[in-house]
Amino acid sequence: MNQSDDCLFCKIVRGEIPSTKVYEDDTTYAFRDIHPKARVHVLIVPRRHYANAAELASKDPQELAHIVQVAQHIADDAFHGSYRLIFNTGLDAGQSVFHVHAHVLTGETLDE
Ligand code: AMP
Ligand code: ZN
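Residues numbered from 1 in each chain as written. Chains lettered and ligands numbered in written order. Predicted model: local features only at pLDDT ≥ 70, side-chain atom pairs only at ≥ 80, totals over all residues. Heavy atoms only, no water.

(A) Representation of the coordination of the zinc ion (ligand 2) within the structure. The protein atoms that coordinate the zinc ion (ligand 2) are C7 (SG), C10 (SG), H49 (ND1) and H99 (ND1), at distances spanning 2.1 to 2.3 Å. Relative to the metal, the 4 donor atoms surrounding the zinc ion (ligand 2) lie at angles of 105 to 117°, and the coordination shape comes out tetrahedral. Within one chain, the residues serving as donors to the zinc ion (ligand 2) are arranged as C-x2-C-x38-H-x49-H. Of the two residues, C7 and C10, both sit in the buried class. (Donors = N, O, S within 2.8 Å, 3.2 Å for Na, K, Ca; no water. Tetrahedral: all angles 85-135°; square planar, octahedral: opposite > 155°, others 65-115°. Buried < 20%, exposed > 50% of the residue type's maximum accessible area, 1.4 Å probe, protein only.)

(B) Representation of the packing of aromatic side chains in the model. One pass over the full model with this rule turns up 2 aromatic pairs. Taking 5.4 Å as the distance between ring centres and 80° as the angle between the ring planes, the aromatic pair formed by F9 and F31 counts as edge-to-face. Of the two residues, F9 is situated in helix α1 (residues 8-13) and F31 in strand β2 (residues 28-32); the sequence distance between them amounts to 22 residues. Look at F9 and you get buried, because its relative accessible area is 5%. (Phe/Tyr/Trp six-rings, centres within 6.5 Å; stacked < 30°, edge-to-face > 60°. Helix = DSSP H or I, 4+ residues; strand = E, 2+ residues; numbered from the N terminus.)

Okay, structure coming up:
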């Protein structure tokens, strides 16, 4: 079985599980988090499966840079360009889906 066959975010990227799309292009998909922690809480994922940010950084650094640009674009639209970008990495840091995803929190003034 391929690593991605049983992956929640691969299924979302393939459209097998519904999501609310915020942005997409050839390499990248962004959708609303179902349990938002800010007025605007978006997850940005590469279409290709990588387990975490470090794996993405080593195998496809251009995509990692692109994800940052997409975050900026979302925040430009939602909240004059201010946002928080989070990559939870590892179980003990709260990573629950092992397909790399950037959390973009924006749309309101965030607590420090
Ligand atoms: P993490 O805990 O950093 O791995 O983030 C996983 C995120 O995915 C959490 O914030 C969840 O609320 C979110 N999530 C889980 N299932 C879905 C889904 N079907 N659609 C959108 N977001 C989801
Ligand atoms: Zn995946």
